Amino acid sequence: MPILEAGVYRFDASETARTEAAPCLSFVNPKLREVTFSCGTANSHSNYFLTTKLEDPTFVPQFLSENGQQIVLLKLPSGTSFYGTGEVGGSLERTGKRIFTWNTDAWGYNQNTTSLYQAHPWVFAVLPNGEAFGVLADTSCRCEVDLRIDSTIKIVASPSFPVITFGPFHSPEALLTALGHAIGTIQMPPKWALGYHQCRWSYEPAARVADIAENFREKKVPCDVIWMDIDYMNEFRCFTSHPETFGDMKALSKTLHDGGFKGVWMLDPGIKCEEGYEAYDTGSEKDVWVQTAGGKHYVGECWPGRVVFPDFTQSKVRTWWAELVKKFVSNGIDGIWNDMNEPAVFKTVSKTMPESNIHRGDEDLGGHQSHSYYHNVYGMLQARSTFEGMLLANPERRPFVLTRAGFLGSHRYAATWTGDNLANWEHLNMSIPMAINLSLSGQPFSGPDIGGFAGDSTPKLFARWMGIGTMMPFARGHSEKGTIDQEPWSFGPEVEEICRRALYRRYRLLPHFYTLFHRAHTIGLPVMTPLFFADPKDPKLRKIDDSFLLGPLLVSTCPTPKGQAQMKAPVLPTGIWHRFSFKDDHPELPLLYLKGGSIVPMGPVVHYVGEKTAGEPLTLIVALDHHGKAKGDVYEDDEEGFSYQNGEFLHTHYEAELIPAHCGTKEGGEIIVRVASTEGNWKRPNRPLFVRLLVGDVAEVEGKGVDGEEVRIRLPTASEILELIKSGCKQEISNLEMAGELKDKGEEHELLKGTGAVKVPIELDQGNILLKIVPWIGGRIMSMIHKPSGCEWIEGRLESSGYEEYSGTELQSAGCAEEYTVVKREMAQVEGQDLLGLEGDISGGLALCREILLPKSSPNTVQISSRIVAKSVGAGSGGFSRLVCLRIHPVFKLAHPMGTMIKYTALDGTFHEISPNMDFQETWLHGSERPNGEWRLEDTETGLSLINRFQVNEVEACLIHWGPGSCNLELFSPERPVSKDTPLEISHEYEMVDPHVYY
């Protein structure tokens, strides 16, 4: 049935399914999902009545049922491109991908991780003709969104849920406007939140925070916000501060405010179980905690130890939390950061609370339901409670909340970031499409941890990331404990200067950013959009994810170790695109282009938002279109309050027009820049107006006047423009040569040998398998991907997890960390196989040797043959080594931990199925209990499985270990000495199976 407005339809599997559907948790007004939109009904999103006949929907989903799941299929025209699906790793275009909406603490995720911190069951489709179409599976439950079948959307989730379709609309902007009508738009943020944010886990004590702030001002590096991570708390108790290191929060807040800074402080959902602790006592008194299936308070494990979790599905609980936030904010706190709110729970296989837990939710949310129903909205509801608490504390100030977990609609309460990323080029590369797809899913205020959270960045990586990150909607640098410092000055004066230039760019462009955020607030258009928004019909733009648009401003980046000189010329949409700069050219900074026909505002450099003064000049950057015209706007208000809702703002629309010098000639002439129209009650400031008229790449002429009056600029003749372009290019080349490309010294700097180091894993890529192997740290396999299914069975990082081998029964024994030598490398492309031979010295005259083969005969299989061999065992030992054991230690990632099962037939003929419970557990298999040479790890929700085959005579024991979102299937050889003639050996293989893929 049609709902909301013309072009938006609700579909249900049946009338019964419609009746049984759970309440809407994504719409800003849930009742609108239940009301039929008809002819003659007032369209609440326009000032007229629709009186024409409503057209039938262009695309109608097919509903199926299988294994108790509701399946929705929607076939679109061949050549359709898919985007959206919220917070996802990997490329911009989601065609060929599959994700699962299940909010997950996904530290160190990568491009193949299928569930991250947020759930957006939404697909943004661009049809071959450039029209845009959207599909929303309106369910809070775990949802499979499968885009692997050509031009087909497949959605699988627990019944019953409706599907809402949007469009097709004539443009992507129209689609997102319609989505904004449904799920609401972002609240207008305080302008300081658009500045640069500096964070670390953790700056402590308070004096360290003050030092960081002072350094920013002394070094004249712009910054608006310093963040307090969890260590400010007293033993991780939320709403407290450590009496020794952060004894006076108000004094620290005053120090920050006096220096022009704001402070954002973390609040997690887990509340320490401890009588005498106010949050716990008042929460227990009001009965606010999530319950177990047995009706008791659920107690999990998190940073404070034993914790309980507020049940934010109840209005009384949100009120209780909001009152705690109100009291907390009275310490001078400017913003709050909700972390760990998937919710994350330690020491559990699922990394969250049991799905059988009970939430006693309000009826309008769904009433009493299991955690499986409310899991994906838990973080959004906490953010909502925090937002409301901040409003209680300061009704005249706009709240700023950042949330890690979210759902479709959480943008109404909080900004977000892309979680615990890694300090490497892959994550820098992913950060752009991740932020764009969040934008295409209704969340316009996002960005990555600049420099990477986990691991040590390198000078080049950090500088490049700062250049890119400062052009994204949310700009925050953040790093974890145990890593090197990652402030803008931490990598030396050269990188510091690059960061300063990057931040000066952002602060110059703050008037433009603020105007874009106002547009996002009023009509739902993103701040950051993909390049294809400039021309949706152009297929060559649809896969570009190293460039993006900020309105008409195009940002072309280089998110790889290559320099600009090594990069191809950027792909530009059709039309006029003039390259310009702020005389800050540097090979590590993005290139900027302005679309012909556009005007964007900029201001002077300030070091924080509050530093500017009344009457400061406004600058307009102008690029004319083919008709000699341009237009643009700038929005201004008090930047922090709500008076704009009562008309206290100034929204100016500017226009520029070419007046030819002589009738019938385009040679020379005059450009007139003037105010076209204004909105709002504010009086225009008495300020200078400067105009930069772009007439070609890095070529411009300038004009000046008074804002509100016409500014006239003589347009140079064609020959003069040519000379300006030549001069500008010459100056640009000179500036770039003087700056020089930053040389990364990561391999020479011991402290920088982390995830950002220059060394690159070896890839084996044949058949349907892609492996990434790290020879210099234990020869470990850090990634094992089955390409047809997109499943990454092994997902590690350089220095931990993944596939390891040891020379003893104990963990981390010799063999797992040594540097291995590549002794054989065959890339028999013609023969269709790939082989890598490694050898590592494990001391005592022993070596651990390994051959990894991707065979032609079995494209879904990895074969591994490993041996501990005696190379030079002394005669005094009788030719035998110390006691050794070959231990195969793979850590397999589980997309659905509680839906995973291990199946095998034991040597004694008995069949076994082993599933995890919530706690970590181990199962040893000896003798006849061992598998008969084969065991299977199966994801029962997707049907994907991994089969491990081995020689029984080589394996004395097997071990099953369930960890956080992971499972180990370990093999142990006999434990004995080895000689040159009697090595220990285990040969085994992994076959990856997807029953839905035809090979």
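Nothing here was measured: the structure is a model prediction, and the numbers come from that model.

### A word on the packing of helix H9 (residues 425–439) against helix H10 (residues 459–469)
It is the contact of H9 with H10, at a shortest axis distance of 11 Å, that shows an interaxial angle of 5°. One element, H9, and the other, H10, form an angle in the roughly parallel class. Of the residues in H10, those in contact with Trp425, His427, Leu428, Ser431 and Ile432 of H9 are Lys460, Leu461, Arg464, Trp465 and Ile468. In terms of residue class, the contact of H9 with H10 is made up of six nonpolar, two polar and two charged.

### Some details on the sheet that holds strand S16 (residues 300–302)
What the three strands build is an open sheet, ordered S15-S17-S16; its pairing is antiparallel. The sheet is open, and its two borders are formed by strand S15 (271–272) and S16, each paired with just one other strand.

### Comments concerning the environment of valine 325
Following the sequence through the fold, valine 325 ends up in helix H6 (residues 315–329). A residue is classified by how much of its surface remains accessible, and valine 325, at 0% relative accessible area, is buried. Spatially, the C-alpha atoms of valine 325 and alanine 119 are 25 Å apart, while their sequence positions differ by 206 residues. Apart from residues no more than four positions distant in its own chain, valine 325 is found in contact with Phe239, Leu267, Ile336, Thr386, Gly389 and Met390.

### Looking at H10
Owing to its 3.6 residues per turn, the α-helix brings residues three or four apart onto one side. Among the eleven residues that make up H10, eleven are buried, leaving the element largely enclosed by the rest of the structure. Of all the residues in H10, the buried ones are Pro459, Lys460, Leu461, Phe462, Ala463, Arg464, Trp465, Met466, Gly467, Ile468 and Gly469.

### Quick notes on the pairing of strand S26 (residues 547–550)
In S26, alternate side chains face the same way, and those of Ser547 and Leu549 on one face and Phe548 and Leu550 on the other are all buried. In terms of strand pairing, S26 meets strand S27 (residues 553–556) through four bridges, oriented antiparallel. By the bridge assignment, phenylalanine 548 is partnered in S27 with valine 555. Between S26 and the antiparallel strand that follows it, S27, lie two residues; glycine 551 among them carries a positive phi value of about 65°.

### Notes on the packing of aromatic side chains
How two aromatic rings sit relative to each other is given by the distance of their centres and the angle of their planes. Using the criterion set out here, one finds 47 aromatic pairs in the structure. Seen from their ring centres, tryptophan 289 and tryptophan 320 are 5.5 Å apart, and the 90° between their planes marks the pair as edge-to-face. One end of the pair, tryptophan 289, is in the loop between helix H5 (278–285) and S16; the other, tryptophan 320, is in helix H6, with 31 residues separating them in the sequence. Of the two residues, tryptophan 289 and tryptophan 320, neither departs from the other in class, the shared state being buried. An aromatic cluster of three or more residues is present, and its members are Tyr232, Phe239, Phe246, Trp265, Tyr280, Trp289, Phe312, Trp320, Trp321, Phe328 and Tyr378. The positively charged end of arginine 217 is found above the aromatic ring belonging to phenylalanine 261, 3.7 Å away from the centroid. Over the aromatic face of tryptophan 337 sits the side chain of arginine 476, whose NZ or CZ is 4.7 Å from the ring centroid.

### A few points about the sheet that holds strand S2 (residues 62–66)
With respect to topology, five strands assemble into an open sheet ordered S2-S3-S10-S9-S5, the strand pairing being antiparallel. The open sheet has two edge strands, S2 and strand S5 (98–101), and neither has a second partner. Across the sheet, the mean angle from the axis of one strand to that of its neighbour is 20°, orientation sign disregarded. Where strand S3 (residues 69–75) meets strand S10 (residues 152–157), six bridges bridge the pair, whose relative direction is antiparallel. When the bridges of S10 are listed, glutamine 70 appears paired with alanine 157.

### A word on the nonpolar core
Among the nonpolar cores identified, the biggest contains 176 residues, and Phe124, Phe166, Ile226, Phe239, Ile271, Phe400 and Leu550 are the most heavily contacted of them. Excluding residues that lie within four positions of it along the chain, leucine 550 makes contacts with Met471, His512, Phe513, Leu516, Val527, Met528 and Val555. Among the nonpolar cores identified, the runner-up in size contains 51 residues, and Met784, Tyr803, Leu846 and Cys958 belong to it.

### Overview of the UniProt feature "domain: Glycoside hydrolase family 31 N-terminal" (unreviewed entry) in the protein
In the UniProt entry, the feature "domain: Glycoside hydrolase family 31 N-terminal" (unreviewed entry) is given for residues 72–146. Annotated as residues 72–146, this span is 0% helix and 39% strand, and its ends, taken at the C-alpha atoms, are 10 Å apart.

### Points about the pattern of salt bridges
A full pass over the atoms with the stated rule returns 63 salt bridges. The closest approach of N and O atoms between aspartate 231 and lysine 481, which form a salt bridge, is 3.1 Å. With aspartate 231 in the loop between strand S13 (225–228) and helix H4 (249–258) and lysine 481 in the loop between strand S25 (475–477) and helix H11 (493–508), the pair connects residues that are 250 residues apart, well separated along the chain. By relative accessible area, which is 39% here, lysine 481 ends up partly exposed.

Thresholds applied
- Residues numbered from 1 in each chain as written.
- Predicted model: local features only at pLDDT ≥ 70, side-chain atom pairs only at ≥ 80, totals over all residues.
- Heavy atoms only, no water.
- Axes fitted to C-alpha atoms, helices over the stretch in contact; angles between N-to-C directions.
- Helix = DSSP H or I, 4+ residues; strand = E, 2+ residues; numbered from the N terminus.
- Parallel < 35°, antiparallel > 145°, perpendicular 65-115°, else oblique.
- Contact = heavy atoms within 4.5 Å.
- Nonpolar A, V, L, I, M, F, W, Y, C, P; charged D, E, K, R; others polar.
- Pairing = 2+ DSSP bridges.
- Buried < 20%, exposed > 50% of the residue type's maximum accessible area, 1.4 Å probe, protein only.
- Phe/Tyr/Trp six-rings, centres within 6.5 Å; stacked < 30°, edge-to-face > 60°.
- Lys NZ or Arg CZ within 6 Å of the ring centre and 35° of its normal.
- Core = buried A, V, L, I, M, F, W, Y, C linked by side-chain atoms within 4.5 Å.
- UniProt positions renumbered as here; feature names shortened; annotations may be inferred.
- Salt bridge = Lys/Arg side-chain N within 4 Å of Asp/Glu carboxyl O.

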